[in-house]
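# Reading the structure
These are the residues of each chain, in order.
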Amino acid sequence: MGILSNNLANKLPVIHVVMVAVVMLSSIVYGAGNFLEVFEPTFGGSRVRVFGPGNTQLALTLDRGSGSGFRSKREYLFGRIDMQIKLVPGNSAGTVTTFYLSSDQSTGRHDEIDFEFLGNVSGQPYTIHTNVFSQGQGNREQQFHLWFDPTLNFHTYTILWNPQLIMFKIDQTPIRVFRNYENEGIPFFPKVQPQRIYASLWNADDWATQGGRVKTDWSKAPFSAYYRNFNIDTSINGAWRTHDLDANGRMRLRWVQKNYMIYNYCTDWNRFSQNLPPECKKYGV
Ligand SMILES: *[C@@H]1O[C@H](CO)[C@@H](O)[C@H](O)[C@H]1NC(C)=O
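Predicted, not measured: the structure shown is a model, and the values here were computed from it.

## Examining the overall build of the protein chain
The secondary structure content of the protein chain amounts to five helices and 15 strands. Expressed as a percentage of its 285 residues, the buried residues of the protein chain come to 48%. When contacts within the protein chain are restricted to residue pairs at least 6 apart in sequence, long-range pairs at least 24 apart make up 68% of them. Counting every atom, the protein chain has about 14,200 Å² of accessible surface; 54% of that belongs to carbon and sulfur.

Listed below in structure tokens is the structure:
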């Protein structure tokens, strides 16, 4: 008995540490949230389909009749949102899949933080479009290609939004950081209006694929995109609250921006002529 309890006492801290690690991992990586509890459909009727054990998976469908979408029932002011998404495979030209945050759009001064996935003809890469709106103003686009095929498997897309920055991540790799430069006299940052989480799949063949030149091939419809394992962390002591790039994050971000960035509003002199947005002038983001 003495030996047994001694052994157990020695092992307990180890078991404890392992258990804490498992719990943390599962809440971060495998959110496995219930879509019916947290979200509600916005359009598309039965084209929004929740399925799987515990209602942890959701499919959006686009056909000639309509696209589809959903949004969170609640609004959030800051947080870290992870969503695993598998995009429309094959000839997805003209389709746009989205995952974004937005405040009430009826105000005319809404805030928004966007991930949009622009489909392409078979064998050609998706475009990942990101943008930030503050008080109804956007024009902060950056676009990327990906280092993997986003239609073969689920990948984790993250919007981390705290009072200092907005970070867009894919599979934990930061692809974009948009900072709050308010203290430096640049008041362009969403920080007072709470936002809902939105997702949708819709037809945008008037502009999405190569500037609208490639049309949606309706003979391939219906098109479907899949969502699962979302995780919404708004905890008051959450690491997201003070999260910033570390050395590894800076390296990964540089790697993405060097090899996969295809558009950056901060270098679009044609569009802005002499009037690049102030954060570009000052920090060359
Ligand atoms: C589609 O593929 C073409 C050719 O590779 C590429 O230039 C374009 O950026 C891709 N994305 C979209 C949305 O057209």
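Having seen the model, we can carry on.
## Describing helix α3 (residues 247-259)
Residue pairs spaced three or four apart in an α-helix point in one direction, given the helix's 3.6 residues per turn. With 13 residues, α3 ought to run about 18 Å at 1.5 Å a step, and its terminal C-alpha atoms sit 18 Å apart, in line with that. Every buried residue of α3 is accounted for by Gly249, Leu253 and Val256. The arc enclosing the buried residues of α3, seen along the axis, measures out at 65°, which places them on a common side. Pointing more than 90 degrees away from the buried face of α3 are the exposed residues Ala247, Arg254 and Lys258.

## Some thoughts on the pattern of salt bridges
All chains considered together, the criterion is met by eight salt bridges. Between Asp63 and Arg47 there is a salt bridge, with the nearest N and O atoms lying 3.0 Å from each other. Residue Asp63 is located in the loop between β3 (57-62) and β4 (68-72), and its partner Arg47 is located in the loop between β1 (39-43) and β2 (48-51); the two are separated by 16 residues in the primary sequence. For Asp63, a relative accessible area of 22% gives the class partly exposed. Put simply, Arg140 and Glu279 hold a salt bridge, and the shortest N to O gap is 2.8 Å. In this pair, Arg140 is assigned in the loop between β8 (127-133) and β9 (142-144) and Glu279 in helix α5 (residues 278-283), connecting sequence segments 139 residues apart. Each of the two residues, Arg140 as well as Glu279, counts as buried.

## With respect to the state of the cysteines
Within this structure, the stated rule accounts for one disulfide. Sulfur-sulfur distance for the disulfide between Cys266 and Cys280 comes to 1.9 Å. On the sign convention where negative means left-handed, the S-S torsion of about -80° between Cys266 and Cys280 marks this disulfide as left-handed. One end of the pair, Cys266, is in the loop between β15 (261-264) and α4 (269-272); the other, Cys280, is in helix α5, and 14 residues separate them in sequence. In terms of burial, Cys266 and Cys280 fall into one category: buried.

## Description of the nonpolar core
Among the nonpolar cores identified, the biggest contains 56 residues, and Phe70, Met83, Phe99, Phe115, Phe117, Tyr157 and Tyr227 are the most heavily contacted of them. Here the element with the most residues in this core is strand β11 (residues 165-170); it accounts for five residues. The contact partners of Phe99, leaving out residues within four places of it in the chain, are Ile81, Met83, Ile85, Asp114, Phe115, Phe117, Tyr157, Ile159, Ile197, Tyr198 and Ala199.

## Some remarks on the site of the ligand
Around the ligand, the neighbouring residues are Leu118, Gly119, Asn120, Gln124, Pro125, Thr127, His145, Ala208, Thr209 and Gln210. In this structure, an oxygen atom belonging to the ligand sits 2.4 Å away from a side-chain N or O atom of Asn120. One nitrogen or oxygen atom from the main chain of Pro125 is found 3.4 Å from a nitrogen atom belonging to the ligand. Protein contacts shield 71% of the accessible area of the ligand, which totals 360 Å² for the unbound molecule. Here the residues of the shell around the ligand are counted per class, giving three nonpolar, seven polar and no charged.

## A few points about the sheet that holds β15
Sheet architecture is open: eight strands sit in the order β1-β4-β13-β6-β7-β8-β9-β15, paired in antiparallel fashion. Edge positions in the open sheet fall to β1 and β15, since each of these has one partner strand only. In this sheet, neighbouring strand axes are inclined to one another by 15° on average, regardless of whether the strands run parallel or antiparallel. Looking at chain direction, β8 and β9 are connected through three bridges and run antiparallel.

Rules behind the numbers
- Per chain, residues are indexed from 1 in the order of the written sequence.
- Where totals are concerned, whole chains, interfaces and linings use all residues; where local detail is concerned, this predicted model gives features only for residues with pLDDT of at least 70, and gives and counts side-chain atom pairs only at 80 or more.
- Only heavy atoms go into the side-chain values, all of them from the structure, while hydrogens and water stay out.
- Strands here mean DSSP runs of E at least two residues long; helices mean DSSP runs of H or I at least four residues long; both are numbered from the N terminus.
- Three labels apply to residues, based on accessible area from a 1.4 Å probe with only protein chains included: buried if under 20% of the type maximum, exposed if over 50%, partly exposed otherwise in between.
- Two residues qualify as a contact provided that any one of their heavy atoms is within 4.5 Å of a heavy atom in the partner residue.
- Note that accessible areas follow from Shrake-Rupley with a 1.4 Å probe, and for residues the cover is restricted to the protein chains shown.
- Multiplying one less than the number of residues by 1.5 Å gives the expected span of a helix.
- Relevant arc is that of directions from the helix axis to the C-beta atoms, nothing else.
- One side-chain nitrogen of Lys or Arg within 4 Å of one carboxyl oxygen of Asp or Glu is enough to make a salt bridge.
- When the sulfur atoms of two cysteines come within 2.5 Å, that pair is taken as a disulfide.
- Side-chain atoms within 4.5 Å are what join buried Ala, Val, Leu, Ile, Met, Phe, Trp, Tyr and Cys residues into a set we call a nonpolar core.
- Think of it this way: one heavy atom of a residue within 4 Å of a molecule or strand is enough to make that residue near it.
- In the analysis that follows, any N or O atom pair within 3.5 Å is treated as a polar contact, provided that within protein one partner can donate a hydrogen and the other can accept it, and provided that, for residues neighboring in sequence, both atoms belong to side chains.
- Residues are sorted three ways: Asp, Glu, Lys and Arg are charged, Ala, Val, Leu, Ile, Met, Phe, Trp, Tyr, Cys and Pro are nonpolar, and all the rest, Gly among them, are polar.
- DSSP-based pairing: two strands are paired if at least 2 bridges between them are found.
- Angles here are taken between N-to-C directions and fall from 0 to 180 degrees, while the axes themselves are lines fitted to C-alpha atoms, restricted in helices to the stretch in contact.

Any functional reading would require information beyond the geometric quantities listed.
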